[in-house]
Every structure is written in C-alpha cells, then in structure tokens.
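Summary of the model geometry
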Amino acid sequence: MKLCAAAFSERGAKLARRIALAFGGSAWAPENYAGGGVLPFGASLGEWTKERFTEAEALVFVSSCGIAVRAVAPYLEGKDKDPAVIIADERGLSVISLLSGHIGGANELALRIAETIGARPVITTATDVNGITPPDSWAVKNNCAIENLPAAKRVAAELLSGHAVGVAVTDELQPAPYPVTLWLRPKNLIVGVGCKRGTEPELLRGCFLDFMKQSGYSPLSVASVASVEQKKDEAAVAGLAEFYEIPFETFSAETLMALPGEFTPSPAALAAVGTDNVCERAALAASRGGYMVRLKTKYPGITFALARKRSL
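Note that the structure is predicted; figures quoted are calculated from it, not measured.

Summing up its helical and strand segments, the protein has twelve helices and 15 strands in all. Overall size of the protein, expressed as C-alpha extent along the three principal axes, is 70 × 50 × 30 Å. Long-range contacts, defined here as pairs at least 24 residues apart, represent 57% of the contacts in the protein between residues at least 6 apart. Roughly 15,300 Å² of accessible area belongs to the protein as shown, and the carbon and sulfur atoms make up 53% of that amount. Of the side chains in the protein, 32 bear a positive and 32 a negative charge, and the two mean positions are spaced by 2 Å.

Before going further, it helps to spend a moment on the sheet that holds strand 13 (residues 248-251). Taken together, the five strands give an open sheet; going across it, the order is 13-12-11-15-14, and neighbouring strands pair in mixed fashion. Pairing within the sheet leaves two strands with one partner each, and these edge strands are strand 13 and strand 14 (291-299). The mean inter-strand angle of the sheet, taken between neighbouring strand axes irrespective of direction, is 25 degrees. Here strand 12 (residues 222-228) runs beside strand 13; their pairing, made up of four bridges, is parallel. Bridging across to strand 13, A226 finds its partner in E249. Seen against the sheet, helix 12 (residues 279-286) touches strand 11 (189-195), strand 12, strand 13, strand 14 and strand 15 (302-308) and runs at an angle of roughly 30 degrees to strand 15.

Another aspect to go through is the pattern of salt bridges. Following the criterion strictly, the structure yields eight salt bridges and no others. Among the ionic pairs, R197 bridges to E234, the shortest N-O distance being 2.8 Å. Of this pair, R197 sits in the loop between strand 11 and helix 8 (201-215) while E234 sits in the loop between strand 12 and helix 9 (235-243), and the two are 37 residues apart along the sequence. Residue classification places R197 among the exposed residues on the basis of a relative accessible area of 55%.

Buried residues dominate helix 12, accounting for eight of its eight residues. Along helix 12, the residues that are buried comprise C279, E280, R281, A282, A283, L284, A285 and A286. Looking at the buried positions of helix 12, the neighbouring elements they touch are strand 11, strand 12, strand 13, helix 10 (253-257), strand 14 and strand 15. Where helix 12 terminates, the next one or two residues include R288, which has phi positive at roughly 55 degrees.

A few words now on the packing of helix 1 (residues 10-23) against helix 4 (residues 106-117). Any two packed helices are characterised by the angle at which their axes cross and by the distance between the axes. Here helix 1 crosses helix 4 at 115 degrees, and the two axes come no closer than 11 Å. With respect to their mutual orientation, helix 1 and helix 4 come out roughly perpendicular. The two elements helix 1 and helix 4 cross, and the hand of that crossing is right-handed. When helix 1 is examined against helix 4, the residues L15, R18, I19, A22 and F23 are found in contact with a partner set consisting of L109, R112, I113, T116 and I117. Looking at the contact of helix 1 with helix 4 residue by residue, the class counts come to seven nonpolar, one polar and two charged.

Size it by volume and the largest pocket reaches roughly 1,000 Å³. Around the largest pocket, the lining is made up of 26 residues, and of these D80, K81, I103, V140 and E245 lie nearest the centre. For the lining of the largest pocket, the secondary structure elements donating two or more residues are helix 6 (135-141) and strand 8 (144-146). In terms of residue count, the dominant contributor to the lining of the largest pocket is strand 8 (three residues). In the lining of the largest pocket, the residues fall into 14 nonpolar, three polar and nine charged.

What follows deals with the sheet that holds strand 8. Taken in spatial order, the three strands of this open sheet run 8-10-9, and their pairing is mixed. Each edge of the sheet is formed by a strand with only one pairing partner; in this case those strands are strand 8 and strand 9 (166-169). Ignoring strand direction, the axes of neighbouring strands in this sheet form an average angle of 30 degrees. Two elements, strand 9 and strand 10 (residues 181-186), share four bridges in a ladder whose sense is parallel. Residue pairing across strands places G166 opposite T181, the latter belonging to strand 10. The sheet strands contacting helix 7 (residues 149-160) are strand 8, strand 9 and strand 10, and the helix crosses strand 10 at an angle near 120 degrees.

Parameters and conventions
- Residues numbered from 1 in each chain as written.
- Predicted model: local features only at pLDDT ≥ 70, side-chain atom pairs only at ≥ 80, totals over all residues.
- Heavy atoms only, no water.
- Helix = DSSP H or I, 4+ residues; strand = E, 2+ residues; numbered from the N terminus.
- Contact = heavy atoms within 4.5 Å.
- Areas by Shrake-Rupley, 256 points an atom, 1.4 Å probe, with all protein chains shown as cover.
- Lys, Arg positive; Asp, Glu negative; His and termini not counted.
- Charge placed at Lys NZ, Arg CZ, Asp CG, Glu CD.
- Pairing = 2+ DSSP bridges.
- Axes fitted to C-alpha atoms, helices over the stretch in contact; angles between N-to-C directions.
- Salt bridge = Lys/Arg side-chain N within 4 Å of Asp/Glu carboxyl O.
- Buried < 20%, exposed > 50% of the residue type's maximum accessible area, 1.4 Å probe, protein only.
- Parallel < 35°, antiparallel > 145°, perpendicular 65-115°, else oblique.
- Left-handed = near helix turned anticlockwise from the far one by under 90°.
- Nonpolar A, V, L, I, M, F, W, Y, C, P; charged D, E, K, R; others polar.
- 1 Å grid on protein atoms, 1.4 Å probe; cavity = no way out; pocket = protein on both sides within 12 Å on 5 of 7 lines; lining within 4 Å.
- Points joined across faces, edges and corners; volume = space filled by probe spheres on them.

Okay, here's the thing in structure tokens:
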C-alpha cells in the first residue's frame, strides 16, 4: 500500500523503516536521522504532510499525538477523503488509530501494524469497542460506495442503541424503503462510451448522468469507464473517469470485434475506429465475463452502454 511513515528521532526512524518495509511504504525523518532506507524530509513537516496527504493511503507518525495532530490539521477534508492516520510511539509499545478509522481503514491498519511490531493497538471508535460492525467499514470491505454519508453516522448510533436500522445495498435507483435509509452502492457496473473527437467534458458528464438516471442505476455503482483504444487520449472520457475516481480502460478494435454475441451495429463506427460498436463491446469487455444491462443509448455525438460484472 502507499504508506508514508514519519519519525523524529533515531529510535523512531528505525521503527518507521520497519513499518514501511512491512507494508511496502516509505520512511522519512529529519536529515540527521535519515539514511539506511530512511529518506530525509527535505522540507518542513507541514510541507511534507501537505504533499503526501492527498497521495498516500496511510500516514504513520512515530511520534507524540500532538505532533501528528498539528501536522495533519490544516489538510483535513472529511472522513470520506482523508487518508488513514496512525500514531506509534518510538518504543513501539502502542499503535493508535487517529483518523479515518473506518473508510480510510485506519482501525484495521493499526491492528496490523501492532501485530507486526508487537505493540498494543488502541482503537477508540464506539462501534468497534462494542464489537459492532460499522456500516462504513462494511461498505469499504465489500467494495461499495456510500451515497449518503451522514446517514452512516445515524445508522451507527442506532446500532449502538440496539435498534433496527435500514441499509439498502443495491446499484438500482429506487424509493427509500426505510424512514432513514443508508444507501450502499456496489461497484459492479461498467459504462461503455463512444463519442466524437473533441466532445466537451461537461456535455459528456451531463449525458452520462441522464443515461444512468434513465437506466435506473446509480452512477456511484460504476466501477470503470471503457472505450476503444483510439479514445485513450479523449479528454472528455478520461475526465469522466477522473471525476468519479474510477479506472478508464481501452481495448483494441480487434479485441472488441472478437467478442461473441449480438451488438447494435454502426457502419460509421466500423469505418472510423475498426469496430462495429464501441460502447456495448467495450462495456462487455471490461466486465470480464459479465452481461449487458443497458444496450446502446444515443445522444448527439455520444453513445453509452452498461454492463454488470458477475461478482464484486
């Protein structure tokens, strides 16, 4: 994982390196404690933290809680965006899950680090200490997007009180079945895209939202965007994938044409890119053995199709 460990003493630097090696990350320290696999900060702690806060999956501070809190405080955005933040004391006695315990995975990572270095894990989230599976952690482990994050907090509170809760796990758009419904969207759909060269990103995104609404599926359930190889540099399609933070896959025309099945033919697409259908074939190819749930839908200069993976 992309883990960055920071330390501020000679003993701490050795522990940071040990943690980084165990989890495939990197260890950092002031220049006088760097070397032997430990990188020098090269800047202030604030600049180091700022640069890595949006890039790393986890930040581990081998330090006091105060140092870690002051370092990350200016860059906090929200529990659905912040990386996991862990604290370990330099003797390796305790490992504390400080931030993003559920969605960011800090609680689980703290347990793993503690086991690796022989430390005592410190987890303080209410659901975990009461032996209750928090809904946001369940969503992450089961590859689901959380549509309405505030409801997760309310559902967790109801669970702690021993009350029944309403959680809907579905990629389909439908009326809320409970007074308070937490919507978890499984990442199991692939959207295939074809478009004219130079299509405006805002136009493509707007058509995509309309397509998903008309199809009856949540855009948060889309796991990747797929198209033909000639579209790999198409800014609008790449931008759609970037906006939803999902992969953008492309396939050669030969690969798409080799797919078995019936597809909506387009002589224009065949002449332009070498395959008689882009959106349906690309969606099916990226589904890795899945099946179509919405065939080719046309907008001016744009086509979409939707496939579902057989398993998460």
